[in-house]
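Geometric and topological summary
Here is what each chain is made of, one letter per residue.
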Amino acid sequence: MTIRSIVLAATCAVFALTAAAFAQDATEKGLEKYRQMLKADPWSNPGLLDVDRGEALWKSPGGPNKVSLETCDLGMGPGKVDGAFAQLPRYFADADRVMDVETRIIWCMEKIQGFKHADLIKNPHPAGGKPVGDRGAIATYVASKSDGMKFNAPDANPKEKEAIALGEALFWRRSSTHDFACASCHAASGTRIRLQDLPELADPKEARMVVGQWPAYRVSNAHVMTMQHRLLDCYWQMRMPRLEIGSDVSVDLIAYLVHNAKGGEISAPGLKR
Amino acid sequence: MRMKALIVAVAALSAAPALAQDKPSSARLDAMIKAAFPGAPADWQSRFVGDETMKECSDAHNTPAKATDEAIEKRERAKIKYPADGKLMGDWKAGEKLAQSGYGFRFTDYPPKQANGGNCYACHQLTKAEVSYGTVGPSLLGYGKQRKFAEADVKAVYEKIYDSNAVLACSVMPRFGANGVLTIDEIKDLVALLMSPDSPVNK
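Residues numbered from 1 in each chain as written. Chains lettered and ligands numbered in written order. Predicted model: local features only at pLDDT ≥ 70, side-chain atom pairs only at ≥ 80, totals over all residues. Heavy atoms only, no water.

1. A short note on the overall build of chain A
Test applied: Numbered from the N terminus, helices here are DSSP runs of H or I no shorter than four residues, and strands are runs of E no shorter than two. Partly exposed residues are those whose accessible area sits between 20% and 50% of the maximum for their type, while under 20% is buried and over 50% is exposed, using a 1.4 Å probe and protein chains only. Only heavy atoms enter the contact rule, under which two residues are in contact if any of them lie within 4.5 Å. Shrake-Rupley sampling with a 1.4 Å probe provides the accessible areas, and residues are treated as covered by the protein chains on show and by no other component.
Helix and strand counts for chain A come out as eleven helices and seven strands. Within the span of chain A, comprising 273 residues, buried residues form 51% of the whole. When contacts within chain A are restricted to residue pairs at least 6 apart in sequence, long-range pairs at least 24 apart make up 66% of them. Accessible surface computed for chain A: about 12300 Å², of which carbon and sulfur atoms make up 59%.

Written as structure tokens, this is what we have:
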């Protein structure tokens, strides 16, 4: 160990102790500064690479049928992408169920492009450091086309009402070996796990601030993480098995979160720690 | 109790249900959960359907009526098992390791490569040395010292860790002993971390 490394280590230790109370603030301020810099230079979020890739995937012929997704109806008519994300999840009569953006893209990739459903839902999320998959990139593109708009998912249809109510019940549902529910971490304001702040997602005020940041480029994972992936991550922590993408549980939880976030601004792709 | 009554009152006042909608049946939710986690190992099936306490807490959004509240605490208290030799304190150093570790029961933790952790720091401040602590639970810094290392408090904290819901119905803290996350010996180590005069918690 060199003198310099000892001094460095000692300095770090002193810093860690004296700055203990401010560590959280400093981290959060640093991240906020990073976000501000990204806003000043809107082209610097690495997630934008996936927006571009998603756009190319949307417009290019693909799948066994060698056709693009440009006839895919995201709820506002075939091929209409602008503003579609701001009105998802919603009920789709052709599928007779409520769908979030990713579940709808899977549906279109299956019905229009001819992919097999089983292939589309197998290992759907990237490992750390690996880029988000095609479906995730397309979802990131679609979300970016509602950037700056406000969440306004329809809720008049009985199936939409039902999905939101089921999502709320699931949010409070305790499971598995640790009794955890989404509510264990996300039903109180101003708390954190280790140094990570926890939004109170049952409260519309806080939901409006954070839900619109997904899909987000997650710096610690070095890839874009979609909302379906984020939910799987929560269930992992809750000691549950792998949540199936597009399952009613995942869709209804998203319907509930987006309902709480109604009126909140979409800022996608976001940037997370 | 007063705190809880206040929470109930506030919840009642602000309880504007998302939308007018019948409360989903538990059978419906059970079926949804089962379908959403296909391919789970057979011995994981019990994780899908919670026990009576979990169901009551979920249904009441963690603020059950007084009678249910008391029934939960009584039921959970009956689950607490004590060490055969009656000694409730183990080794605080082993306890500190358990407090740091969040290992165990996640789908990436199979086959198990180490003992389960208690992950206390995720939610609690415990020592001055560890600055990365959560605030979901109260700070436990100086826990034993504040209680003058009293015998009664040693027993109380053993019970709290073994089954948090025996002390506070619908606590968000896991029932470490009752749910088989930690062994009796591991819980003793955590009790020592909180209640031993030598522990960094009390320095």
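Having seen it, we continue.
2. Here we look at the overall build of chain B
On a plain count of helices and strands, chain B comes out with nine helices and zero strands. Listed by position from the N terminus, the elements making up chain B come as α-α-α-α-α-α-α-α-α. Residues classed as buried in chain B amount to 43% of the 203 residues present. For chain B, the share of sequence-separated contacts (at least 6 apart) that also reach a separation of at least 24 residues comes to 59%. Here chain B has roughly 10500 Å² of accessible surface; of this, 60% comes from carbon and sulfur atoms.

3. Here we look at the nonpolar core
What counts, and what does not: The criterion is simple. A nonpolar core is a set of buried Ala, Val, Leu, Ile, Met, Phe, Trp, Tyr and Cys residues joined through side-chain atoms within 4.5 Å.
Counting residues in hydrophobic clusters, the biggest one holds 76 residues, and the most contacted among them are Trp58(A), Val142(A), Val211(A) and Val249(A). When residues no more than four places from it in sequence are discounted, the contact partners of Val142(A) are Trp58(A), Leu74(A), Val81(A), Phe85(A), Val101(A) and Ile105(A). Membership of the second largest hydrophobic core comes to 27 residues, among which are Ala99(B), Tyr121(B), Leu140(B) and Ile187(B).

4. Quick notes on the packing of aromatic side chains
This is how the line gets drawn: Think of it this way: a Phe, Tyr or Trp ring, Trp meaning its six-membered ring, pairs with another when their centres are within 6.5 Å, and the plane angle makes it stacked under 30 degrees, edge-to-face over 60, tilted otherwise. For a ring to carry a charge above it, either NZ of a lysine or CZ of an arginine must fall within 6 Å of the ring centroid while also lying within 35 degrees of the normal to the ring plane.
Following the criterion strictly, the structure yields nine aromatic pairs over all chains and no others. On the basis of an interplanar angle of 70° and a centroid distance of 5.2 Å, the ring pair of Tyr235(A) and Phe37(B) is categorised as edge-to-face. Here Tyr235(A), found in helix 10 (residues 227-237), pairs with Phe37(B), found in the loop between helix 2 (26-36) and helix 3 (52-59), and the two come from separate chains. Residue class for Tyr235(A) comes out buried when judged on its relative accessible area of 3%. Here a set of aromatic residues connected by ring pairs shows up, and it is made of Phe171(A), Trp172(A) and Tyr256(A). Over the ring of Trp236(A) we find Arg106(B), and its NZ or CZ is 4.5 Å from the ring centre. Stacked on the ring of Tyr143(B), the Lys or Arg Arg147(B) has its end atom at 3.6 Å from the ring centre.

5. Let's talk about the sheet that holds strand 5 (residues 216-218) of chain A
All names here are of chain A. So the rule is basically this: Any two strands are treated as partners once DSSP identifies two or more bridges connecting them. Note on method: axes are straight lines fitted to C-alpha atoms, helices fitted across the in-contact stretch only, with angles between N-to-C directions ranging 0 to 180 degrees.
As summarised here, the arrangement of the three strands in space is 6-5-7, forming an open sheet in which the pairing is mixed. The strands lining the two open edges of the sheet, one partner per strand, are strand 6 (223-225) and strand 7 (270-272). Adjacent strand axes in the sheet meet at a mean angle of 35° when their direction is disregarded. As paired elements, strand 5 and strand 7 share three bridges and run parallel to each other. Paired with Ala216 across the bridge in strand 7 is Gly270.

6. Some details on helix 3 of chain B
Worth spelling out the cut-off: The arc in question is formed by the directions pointing from the helix axis toward the C-beta atoms.
Buried residues of helix 3 of chain B: Thr53(B), Met54(B), Cys57(B) and Ser58(B), and no others. Viewed end-on, helix 3 of chain B has its buried residues packed into an arc of 130°, placing them on one side of the element. Buried residues in helix 3 of chain B make contact with helix 7 (158-172) of chain A together with helix 4 (66-77) and helix 8 (164-167) of chain B. Where helix 3 of chain B terminates, the next one or two residues include His61(B), which has phi positive at roughly 50°.

7. Considerations on the state of the cysteines
Residues and elements named next belong to chain A. Where we set the bar: By convention in this document, the label disulfide applies to cysteine sulfur atom pairs within 2.5 Å.
One pass over the structure, following the stated rule, counts two disulfides over all chains. Note on cysteine connectivity: Cys72 is disulfide-linked to Cys108, with sulfurs 2.0 Å apart. Its S-S torsion of approximately 75° makes the covalent link between Cys72 and Cys108 right-handed. One end of the pair, Cys72, is in the loop between helix 3 (47-59) and strand 1 (90-92); the other, Cys108, is in helix 4 (residues 101-111), and 36 residues separate them in sequence.

8. Some words on the interface of chain B and chain A
The following threshold applies: For any pair of parts, buried area is found by adding up, for both, the accessible area (1.4 Å probe) each one loses once the two are put together. In what follows, salt bridge is the name for a side-chain nitrogen of Lys or Arg lying within 4 Å of a carboxyl oxygen of Asp or Glu. What qualifies as a polar contact is a pair of N or O atoms within 3.5 Å, subject to a donor-acceptor requirement within protein and to the restriction that residues adjacent in sequence count only when both atoms come from side chains.
Facing the 52 residues of chain B at the interface are 44 residues of chain A. For the pairing of chain B and chain A, the buried interface totals around 4500 Å² over both sides, and the portion due to carbon and sulfur atoms is 60%. In this assembly, chain B and chain A are joined by four salt bridges. Put simply, chain B and chain A have 24 residue pairs in polar contact (both at pLDDT 80 or more) between them.

9. Re the side chain of Asn45(A)
Residue and element names in this part refer to chain A. Here Asn45 is to be found in the loop between helix 2 (20-40) and helix 3. Within the structure, Asn45 has its side chain in polar contact with the backbone nitrogen of Gly47 (distance 2.8 Å). A polar atom in the side chain of Asn45 sits 3.3 Å from the backbone oxygen of Gly270.

10. Topic: the confidence of the model for chain A
Filter applied, for reference: What pLDDT conveys is the predictor's confidence in a given residue, as a value from 0 to 100.
Overall, the prediction assigns chain A a mean pLDDT of 90, with 89% of residues at 70 or greater. Scored below 50 in pLDDT, residues 5-21 of chain A makes seven contacts in the model with residues more than four places away or belonging to other chains.

11. Considerations on the side chain of Glu186(B)
Residues and elements named next belong to chain B. Cut-off, in case you're wondering: When charges are tallied, Lys and Arg are placed among the positive residues and Asp and Glu among the negative ones, while His and the ends of the chain are skipped.
Along the chain, the position of Glu186 falls in helix 9 (residues 184-195). Put simply, Glu186 is tucked away with no salt bridge, and the nearest opposite charge, on Lys97, sits 12 Å away. When sequence neighbours within four positions are dropped, the list of residues in contact with Glu186 reads Leu98, Ala115, Asn116 and Val181.

12. What to know about the packing of helix 3 of chain A against helix 6 (residues 134-144) of chain A
All names here are of chain A. Note the cut-off: Small angles under 35 degrees read as roughly parallel and large ones over 145 as roughly antiparallel, with 65 to 115 read as roughly perpendicular and the rest as oblique. Put simply, Ala, Val, Leu, Ile, Met, Phe, Trp, Tyr, Cys and Pro go in the nonpolar bin, Asp, Glu, Lys and Arg in the charged bin, and everything else, Gly too, in the polar bin.
Between helix 3 and helix 6, whose axes approach to 7 Å, the crossing angle comes to 100°. Judged by the angle between their axes, helix 3 and helix 6 are roughly perpendicular. For the pair formed by helix 3 and helix 6, the contact residues are Gly47, Asp50, Val51, Arg53, Gly54, Glu55, Leu57, Trp58 and Lys59 on the first element and Asp134, Ala137, Ile138, Thr140, Tyr141, Val142 and Ser144 on the second. Tallied by class, the residues present in the contact of helix 3 with helix 6 amount to seven nonpolar, four polar and five charged.

13. Topic: the environment of Gly177(B)
Residue and element names in this part refer to chain B. By the element assignment, Gly177 lies in the loop between helix 8 and helix 9. Given the relative accessible area of 10%, Gly177 is considered buried. Spatially, the C-alpha atoms of Gly177 and Ser58 are 21 Å apart, while their sequence positions differ by 119 residues. Each residue touching Gly177, except ones within four places of it in the same chain, is listed here: Ile161, Tyr162, Leu182 and Ile187.

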